[in-house]
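The chain contents come next:
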Amino acid sequence: MSGYLDRIGAGKVLVNREPFSFDWTPDNLVGRDRELTELASLFTHIENQNSSCRAVITGPVGSGKTVLTRRFGHDLLGHLEGKRKISLAHVNCRNHPSTSQVLQRIALTLDSGHPERGLSSGEMIQSIRRNLISHNCHLLLVLDEVDLLIRRDNSDLIYKLLRIDEGQEKQGSISLILVSQDPMLLKLFEPAIISRLGASNILKMSPYDKKGLTDIARQRANIACRNGSVSEGVLEKIGVMAAESGDARLAIELLDSSIRRAESSGRGEVLIEDIEQSSARVAAIEPSQVDGLSKDQKLIMLGLCRRLKKEAEINTGDAEKLYKIVCEEYETKSRSYTTFWKHLKFLENQGLIETRSGKSNVGRGRTQYITMNNVAPANLAERIEKELQR
Ligand SMILES: Nc1ncnc2c1ncn2[C@@H]1O[C@H](COP(=O)(O)OP(=O)(O)OP(=O)(O)O)[C@@H](O)[C@H]1O
Ligand SMILES: [Mg+2]
């Protein structure tokens, strides 16, 4: 009866799963030489013991921002061996959206011991600095998806980190790379921060084109699959399909799912018809994503989820009414319509909801309809209710 399990690990196509794992970093980035060189040029002084460098990287989803910083960090570490001791800390602000969470992550990376509790952020930063100096170490800190931290807690932490050595004898504790999808990231900062970051230290990544995506899929296939099991035609088709979004993650998912389809049909070769828009996209939203929302946003989401458990869509007028009811339930003052609207746009940007514009049921105007396609509303509602009760 367990014969159906034989296909697992049979490896007719796949010989190495690793290149499809979430945090695998390739030894070489495909087609990003210019970006790597540009980033290196922003770090030309990093060899000097007393200097720090700064860079801001922006680019659309799946343009390789995260993998670029990871590759660069590892390469830099190797390059500076024997010249300057570097510690790498990569904090994804989607998973750690508050100032104290970010500082905890940094402290944990530097020192496997437990960070001290009850310190203010200023004190924690100085404790991190002391730790670096005592180990004669320089920190390369990457704050990935940094707009989520700034939207939640403002840019105070960035400002403090940029001034970490100000007025101190020893300079050059931290180099900083800020990463975001938002091309207008700098607009979120005050002039004092922009001037310290260096308004010209910005690296803009563009979306991949068909060729870039085909090349990325080919690199993974070469490392992961048996020779000859994935044809050039298959790789090109994946490139074409992913080029609509320019997202490298999509190209890799399409390759991964088509390999699975080929193997589960018992074949040792991937065919064009194995490539299908996978439902993997749908899983891209983790329910834990709501944990990082502000209280207002959670209340709005809760109203939406309660309705969308039962109905496919809801118009914004009803959404606002439900939000007000939820506010009463949790004894919270509801926000103005403008703020409510801004939060809706934020939730949409996060991929938690989708909106479409359609004819209104009342009158002749148009209204926005909200749906939730990437995550089950019932699960979210339960999660938010638990959080709010704490
Ligand atoms: N130039 C490249 N060569 C090889 N693999 C790449 C390249 N660019 C991206 N990838 C791979 O594509 C996937 C998406 O890249 P990455 O996570 O760096 O995108 P991102 O710009 O950070 O996206 P997001 O904005 O969603 O965070 C990763 O698996 C990454 O390893
Ligand atoms: Mg990323």
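Draft legend 1. Molecular detail of the packing of helix 11 (residues 295-308) against helix 12 (residues 316-329). Remark: helix 11 packs on helix 12, axes separated minimally by 8 Å, with the N-to-C direction vectors making an angle of 115 degrees. In the crossing of helix 11 with helix 12, the sense of the turn from one axis to the other is right-handed. Of helix 12, the residues touching helix 11 (which contributes Leu299, Ile300, Leu302, Gly303, Leu304, Arg306 and Arg307) are Asp318, Ala319, Leu322, Tyr323, Ile325, Val326 and Cys327. Considered class by class, the residues forming the contact of helix 11 with helix 12 number 10 nonpolar, one polar and three charged.

Draft legend 2. Quick look at the site of ligand 1. Taken together, 19 residues are adjacent to ligand 1, and Gly64, Lys65, Thr66, Val67 and Ala248 come closest. Of all the secondary-structure elements, those providing two or more residues to the shell around ligand 1 are helix 2 (65-79), helix 8 (210-224) and helix 10 (248-264). Considered class by class, the residues forming the shell around ligand 1 number eight nonpolar, eight polar and three charged. Both domains that meet at the shell around ligand 1, namely domain 1 (33-204) and domain 2 (208-279), each give it at least three residues.

Draft legend 3. Examining the sheet that holds strand 6 (residues 314-315) more closely. Within the open sheet, the three strands sit side by side as 6-8-7. Their pairing is antiparallel. Among the strands making up the open sheet, the edge pair consists of strand 6 and strand 7 (354-359). Examined bridge by bridge, strand 7 and strand 8 (residues 366-371) share six bridges and lie antiparallel to one another. When the bridges of strand 8 are listed, arginine 356 appears paired with tyrosine 369.

Draft legend 4. Region of the structure containing the environment of glutamine 171. For glutamine 171, the location among the structural elements is in the loop between helix 6 (156-162) and strand 4 (174-180). In this structure glutamine 171 comes out as partly exposed when scored by C-beta crowding, with 13 C-beta atoms within 10 Å. Note: C-alpha distance between glutamine 171 and threonine 66 (105 residues apart in sequence) is 27 Å. Among all residues touching glutamine 171, those that are not within four sequence positions of it are Asn50 and Asp165.

Draft legend 5. Layout of the nonpolar core. Counting 41 residues, the largest nonpolar core has Ala55, Ile57, Val102, Leu141, Leu143 and Leu149 as the members making the most contacts within it. Contact partners of isoleucine 57, with chain neighbours within four places excluded, come to Lys65, Leu68, Thr69, Ile177, Val179, Leu203 and Met205. By size, the runner-up hydrophobic cluster in this structure holds 24 residues, among which are Leu213, Cys225, Ile252 and Ile275.

Draft legend 6. View of the environment of tyrosine 323. When you line up the elements, tyrosine 323 lands in helix 12. Residue classification places tyrosine 323 among the buried residues on the basis of 21 C-beta atoms within 10 Å. Placed 12 residues apart in sequence, tyrosine 323 and arginine 335 show a C-alpha to C-alpha distance of 9.4 Å. Among residues more than four places away in sequence, those in contact with tyrosine 323 are Leu299, Ile300, Gly303, Ser334 and Phe340.

Conventions used here
- Chains are numbered independently. Their residues run from 1 in the order of the written sequence.
- Chain A is the first chain written and ligand 1 is the first ligand written, with later ones labelled in order.
- Given that the model is predicted, a residue must reach a pLDDT of at least 70 before its local features are reported, and side-chain atom pairs must reach 80 or more before they are shown or counted; all residues, however, enter totals for whole chains, interfaces and linings.
- Note on geometry: axes are C-alpha line fits, over the in-contact stretch for helices, and angles between N-to-C directions span 0 to 180 degrees.
- What counts as a helix is a DSSP run of H or I of at least four residues, what counts as a strand is a run of E of at least two, and both are numbered from the N terminus.
- By convention the crossing between two helices is left-handed if the near helix lies anticlockwise of the far one by an angle smaller than a right angle, and right-handed if it lies clockwise.
- Residues are scored as being in contact if the C-beta atoms we place from backbone atoms lie within 7 Å.
- By the convention adopted, Pro, Cys, Tyr, Trp, Phe, Met, Ile, Leu, Val and Ala count as nonpolar, Lys, Arg, Asp and Glu as charged, and the other residues, Gly among them, as polar.
- Here, nearness means that the C-beta atom of a residue, built from backbone geometry, sits within 6 Å of the molecule or strand in question.
- Where each domain begins and ends follows an automated or database-derived domain assignment.
- DSSP bridges decide pairing: two strands pair if at least two such bridges lie between them.
- Whether a residue is buried, exposed or partly exposed follows from its count of other C-beta atoms within 10 Å of its own C-beta, namely 20 or more, 12 or fewer, or something in between, respectively; the C-beta atoms are built from the backbone.
- Here a nonpolar core is just a set of buried residues of the types Ala, Val, Leu, Ile, Met, Phe, Trp, Tyr and Cys, joined wherever their C-beta atoms sit within 7 Å.

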